[in-house]
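Observations on chain architecture
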Amino acid sequence: MTELRRRRDDTRPEECWLIYYGDVLVGTIAARTGGPRDEAKWDWKCGFYPGTEPGDHRSGSADTFQVARTAFEAAWEILRDSRTEADFQAWRNEQAITTWKYAMWEAGAKLPTQTTSGVSGCFCGVTIDIAGTDRHVLAAHPFGAD
Ligand SMILES: [Zn+2]
């Protein structure tokens, strides 16, 4: 069975852990900053989009990281059991398309939606149109930029 892994989010000043299920980012556990001293010190959020609807997401607070982690894991087990591989693939596909768009901008290429003809050239040299963009990206660039 795939285990949860966590990685520190270095883009945030407070301690924040990104929680991954395989390669899918399924939630966070973060230290709360500011606020009164008697407030909970950790917030957790469990859910990913696309692949789950926002109404399926769960969140909570805890006094310690360990309590937040335990609560997250309980919420995750429920969410995970209601997911299919297609849900996780929907998240991966969205990540690939977003990464591809940034790679297009870095290459100075226009997206088909940015041209009057609806046709453009991918950075790999293939001609793409609006209707075929997602199909091309997922077939030729499953990780977005490679
Ligand atoms: Zn391409």
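Residues numbered from 1 in each chain as written. Predicted model: local features only at pLDDT ≥ 70, side-chain atom pairs only at ≥ 80, totals over all residues. Heavy atoms only, no water.

1. Some words on the packing of helix H2 (residues 85-106) against helix H3 (residues 133-140)
At their nearest, the axes of H2 and H3 sit 10 Å apart, and the two run at 100° to each other. Classified by the interaxial angle, the pair formed by H2 and H3 is roughly perpendicular. Residues Asn 93, Ala 96, Ile 97 and Trp 100 of H2 pack against Thr 133, Asp 134, Val 137 and Leu 138 of H3. Classifying every residue of the contact of H2 with H3 by side-chain character gives five nonpolar, two polar and one charged. (Axes fitted to C-alpha atoms, helices over the stretch in contact; angles between N-to-C directions. Helix = DSSP H or I, 4+ residues; strand = E, 2+ residues; numbered from the N terminus. Parallel < 35°, antiparallel > 145°, perpendicular 65-115°, else oblique. Contact = heavy atoms within 4.5 Å. Nonpolar A, V, L, I, M, F, W, Y, C, P; charged D, E, K, R; others polar.)

2. Regarding the packing of aromatic side chains
The description of two aromatic rings rests on the distance between their centres and on the angle between their planes. Enumeration according to the criterion identifies seven aromatic pairs in this entry. Aromatic side chains Trp 76 and Phe 88 sit 6.4 Å apart centroid to centroid with 55° between the ring planes, which places their arrangement in the tilted category. With Trp 76 in helix H1 (residues 65-81) and Phe 88 in helix H2, the pair connects residues that are 12 residues apart, well separated along the chain. For the pair formed by Trp 76 and Phe 88, the shared burial category is buried. Each member of the aromatic cluster is reached from another via a ring pair, and the members are Tyr 21, Phe 48, Trp 76 and Phe 88. Arg 6 extends its terminal NZ or CZ atom over the ring of Trp 17, reaching a point 4.7 Å from the ring centre. (Phe/Tyr/Trp six-rings, centres within 6.5 Å; stacked < 30°, edge-to-face > 60°. Buried < 20%, exposed > 50% of the residue type's maximum accessible area, 1.4 Å probe, protein only. Lys NZ or Arg CZ within 6 Å of the ring centre and 35° of its normal.)

3. Some points on the domain arrangement of the protein
Each assigned domain of the protein is listed with its residue range as follows: domain 1 (4-81) and domain 2 (85-140). Of note, the centres of domain 1 and domain 2, computed from C-alpha atoms alone, are 30 Å apart. The partner domain 2 presents six residues to the nine residues of domain 1 that form the contact. With both sides pooled, the region where domain 1 packs onto domain 2 buries about 730 Å², and carbon together with sulfur makes up 72% of that total. Ranking the residues of domain 1 by area buried against domain 2 places Asp 23, Val 24 and Pro 50 at the top, with a combined share of 51%. Connecting domain 1 to domain 2 are one salt bridge. A salt bridge links Asp 23 to Arg 92, with the shortest nitrogen-to-oxygen separation between them at 2.9 Å. Partitioning the side of domain 1 that touches domain 2 into residue classes produces seven nonpolar, one polar and one charged. (Domains from an automatic or database assignment. Buried area = accessible area lost by both parts, 1.4 Å probe. Salt bridge = Lys/Arg side-chain N within 4 Å of Asp/Glu carboxyl O.)

4. Focus: the coordination of the zinc ion
The coordination sphere of the zinc ion, as far as protein atoms go, consists of Cys 122 (SG), Cys 124 (SG), His 136 (NE2) and His 141 (NE2), spread over 2.0 to 2.3 Å. Each donor residue of the zinc ion belongs to the same chain, and together they define the spacing C-x1-C-x11-H-x4-H. Taken as a pair, Cys 122 in the loop between strand E6 (119-121) and strand E7 (127-129) and His 136 in helix H3 lie far apart in primary sequence, 14 residues in all. An identical accessibility class is assigned to Cys 122 and His 136; each is buried. (Donors = N, O, S within 2.8 Å, 3.2 Å for Na, K, Ca; no water.)

5. Quick word on the nonpolar core
Val 26, Ile 29, Trp 44, Cys 46, Phe 48, Phe 72 and Trp 76 are the most contacted members of the largest nonpolar core, which totals 20 residues. Listed by contribution, the elements that provide at least two residues to this core are strand E2 (16-21), strand E3 (24-31), strand E4 (42-46), H1 and H2. At six residues, the largest contribution of residues to this core is made by H1. One finds Ile 97, Trp 100, Cys 122 and Ile 128 within the second-largest nonpolar core, a separate group that totals eight residues. (Core = buried A, V, L, I, M, F, W, Y, C linked by side-chain atoms within 4.5 Å.)

6. Looking at the sheet that holds E4
Spatially, five strands are ordered E1-E2-E3-E4-E5 in an open sheet, and the strand pairing comes out antiparallel. Strands at the two margins of the open sheet, each flanked by one partner only, are strand E1 (4-8) and strand E5 (58-62). Taken over all neighbouring pairs, the strand axes of this sheet differ in orientation by 20° on average, direction set aside. As paired strands, E4 and E5 are joined by five bridges and run antiparallel to one another. Bridge pairing links Cys 46 to Arg 58 in E5. The strands touched by H1 within the sheet are E1, E2, E3, E4 and E5, with E4 carrying the most contacts at an inclination of about 10°. (Pairing = 2+ DSSP bridges.)

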